[in-house]
Amino acid sequence: MDTFILSSVRDMFTTVTGYLPTLLTVLGVLVVGLITARVTSKLVARLFKEIYFDTVCHHLGLAGVLRKGGIKRTPSEVVGCLLYWVIMIMVLTTSVKVFGLTLADDMLNRLFSYVPNVIGAVFVLIFGMILGSFISTVVRGVASNTDIPRPDIMGMLTKYSIVIFEVTIFIH
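Residues numbered from 1 in each chain as written. Predicted model: local features only at pLDDT ≥ 70, side-chain atom pairs only at ≥ 80, totals over all residues. Heavy atoms only, no water.

**Notes on the pattern of salt bridges**
Okay, step 1: Within this structure, the stated rule accounts for four salt bridges.
Okay, step 2: Put simply, lysine 49 and aspartate 54 hold a salt bridge, and the shortest N to O gap is 4.0 Å.
Okay, step 3: With a relative accessible area of 37%, lysine 49 lands in the partly exposed category.
Okay, step 4: Of the charged contacts, one joins glutamate 77 and lysine 49 as a salt bridge, the two residues approaching to 3.8 Å between their closest N and O atoms. Taken as a pair, glutamate 77 in helix H4 (residues 75-99) and lysine 49 in helix H1 (residues 2-50) lie far apart in primary sequence, 28 residues in all.
Okay, step 5: Accessibility expressed as a relative area gives 32% for glutamate 77, which makes it partly exposed. (Salt bridge = Lys/Arg side-chain N within 4 Å of Asp/Glu carboxyl O. Buried < 20%, exposed > 50% of the residue type's maximum accessible area, 1.4 Å probe, protein only. Helix = DSSP H or I, 4+ residues; strand = E, 2+ residues; numbered from the N terminus.)

What follows is the structure, encoded as structure tokens:
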């Protein structure tokens, strides 16, 4: 009986010590990746501030869009934050591969392959909203100049029609 317990404990210890180098490698990859992501994101955010990216975004109205969206960071900090998460996703994927979790690796690859579709859909949605506002203004101006009653309602209907069309494209 004692040899059975001792044998089981020895097998467990052997299994744990067999995974220890892999675990230490994964922890090393995570720590180095975290440090790299933080330093790189801070440097890129500082570089974007130095080339007056925030000022350009302010003049283009992007800083106002960020504020309206509840984002309290400057545009250069947003770029740095996005870079941080891109690096951390790469580090996470590398860590999962090093650890040998093929199922998790496959799941992450499928998840990350879907990201470009989401980004493209968001750009389509943003473009549709900008286009809707522009065409709404044109319709309102034309309706006002041709004495059509209630040009503001026509402009609003035009804008919402275009936005609804863009939302259906976004959902698809």
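That covers the picture; the talk isn't over yet.
**Brief notes about unusual backbone geometry**
Okay, step 1: With phi around 60°, tyrosine 52 is a residue other than glycine that occupies positive phi space.
Okay, step 2: Tracing the chain through its elements places tyrosine 52 in the loop between H1 and helix H2 (53-60).
Okay, step 3: Of note in this structure, arginine 150 is not a glycine but carries a positive phi near 55°.
Okay, step 4: Note that arginine 150 resides in the loop between helix H5 (102-145) and helix H6 (151-171).

**Topic: the packing of aromatic side chains**
Okay, step 1: Within the structure shown, the criterion is met by two aromatic pairs.
Okay, step 2: Between phenylalanine 48 and phenylalanine 53, the ring centres sit 4.9 Å apart and the planes meet at 80°, which makes this aromatic pair edge-to-face.
Okay, step 3: Taking the relative accessible area as the measure of exposure, phenylalanine 48 reaches 22% and is therefore partly exposed. (Phe/Tyr/Trp six-rings, centres within 6.5 Å; stacked < 30°, edge-to-face > 60°.)

**As for the confidence of the model for the protein chain**
Okay, step 1: Per-residue confidence for the protein chain averages 84 on the pLDDT scale, and 99% of its residues sit at or above 70.
Okay, step 2: For the protein chain, the element scoring lowest by mean pLDDT is helix H3 (residues 62-68), at 79; H4 scores highest, at 88. (pLDDT = per-residue confidence, 0-100.)

**Thoughts on a nonpolar patch on the surface**
Okay, step 1: On the surface, a nonpolar cluster with roughly 1,000 Å² of combined accessible area is contributed by Tyr114, Val115, Val118, Ile119, Val122, Phe123, Ile126, Ile130, Val167, Phe170 and Ile171.
Okay, step 2: Breaking the nonpolar patch down by element, the ones donating at least two residues are H5 and H6.
Okay, step 3: It is H5 that provides the largest number of residues to the nonpolar patch, a total of eight residues.
Okay, step 4: Position of phenylalanine 170 relative to the elements: it lies in helix H6. (Patch = residues over 30% accessible without salt bridge, like charges linked within 9 Å, V, L, I, M, F, W, Y side chains within 5 Å. Areas by Shrake-Rupley, 256 points an atom, 1.4 Å probe, with all protein chains shown as cover.)

**A short note on the side chain of threonine 93**
Okay, step 1: Residue position: threonine 93 is located in helix H4.
Okay, step 2: Within polar-contact distance, the side chain of threonine 93 engages the backbone oxygen of isoleucine 89 at 2.9 Å.
Okay, step 3: The residues touching threonine 93, leaving out its near neighbours within four places in the chain, are Asp105, Leu108, Asn109 and Phe112. (Polar contact = N/O pair within 3.5 Å; in protein donor to acceptor, adjacent residues only side chain to side chain. Contact = heavy atoms within 4.5 Å.)

**Here's the deal with the packing of H4 against H5**
Okay, step 1: For the pair H4 and H5, the least separation of the axes is 9 Å and the interaxial angle reads 155°. Classified by the angle between their axes, H4 and H5 sit roughly antiparallel to one another. In this structure, H4 crosses over H5, and the sense of that crossing is left-handed. Residues Ile89, Leu92, Thr93, Val96 and Lys97 of H4 pack against Ala104, Asp105, Leu108, Asn109 and Phe112 of H5. (Axes fitted to C-alpha atoms, helices over the stretch in contact; angles between N-to-C directions. Parallel < 35°, antiparallel > 145°, perpendicular 65-115°, else oblique. Left-handed = near helix turned anticlockwise from the far one by under 90°.)

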